[in-house]
Amino acid sequence: MPACYSDKYVGVAIQCFLNQTYDSRELIVLDNNKEGETIKHLLPEDERIKYYRCERRPVGALRNLGNSYSTGDIICNWDCDDWSHNTRIAEQAKCL
């Protein structure tokens, strides 16, 4: 989940991730804010959420970086303003 200047909706996106019914999941958060700004304080303590501070990059490069940190077999893009149904990941994985 690339996150830059996104504290307005990031809490909702994280809650939607936590509410997912798919068991084996992790959220890679890439904090791409300017020096001195961060969203880390918005992240709950949860072992499924991995936080990384990174330099400013285009969103495509951030997605590739997040994919490189992933430990799962299936990758689902998650944005900092996503509002998703609780079964989003489970339904997508089922189709695979």
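Heads up: the structure comes first, above all this text.
Residues numbered from 1 in each chain as written. Predicted model: local features only at pLDDT ≥ 70, side-chain atom pairs only at ≥ 80, totals over all residues. Heavy atoms only, no water.

(A) Region of the structure containing helix 3 (residues 88–95). Those residues of helix 3 lying buried are Arg88, Ile89 and Ala93. Relative to the axis of helix 3, the buried residues are bounded by an arc of 120 degrees and lie together on one face. Turned more than 90 degrees off the buried face of helix 3, the exposed positions are Lys94 and Cys95. (Buried < 20%, exposed > 50% of the residue type's maximum accessible area, 1.4 Å probe, protein only. Helix = DSSP H or I, 4+ residues; strand = E, 2+ residues; numbered from the N terminus. Arc of directions from axis to C-beta.)

(B) View of the layout of surface pockets. Considering only enclosed or pocket space, the largest pocket measures out at about 520 Å³ in volume. Around the largest pocket, the lining is made up of 25 residues, and of these Glu26, Ser70, Ile74, Ile75 and Cys76 lie nearest the centre. Secondary-structure elements contributing two or more residues to the lining of the largest pocket are strand 2 (27–31), helix 2 (59–69) and helix 3. (1 Å grid on protein atoms, 1.4 Å probe; cavity = no way out; pocket = protein on both sides within 12 Å on 5 of 7 lines; lining within 4 Å. Points joined across faces, edges and corners; volume = space filled by probe spheres on them.)

(C) Summary view of helix 2. Of the positions making up helix 2, those classed as buried are Leu62, Leu65 and Gly66. The arc enclosing the buried residues of helix 2, seen along the axis, measures out at 100 degrees, which places them on a common side. Along helix 2, the residues that are exposed and aim more than 90 degrees away from the buried face are Asn64 and Ser68. Packing partners of the buried residues in helix 2 comprise strand 1 (2–3) and strand 2. (Contact = heavy atoms within 4.5 Å.)

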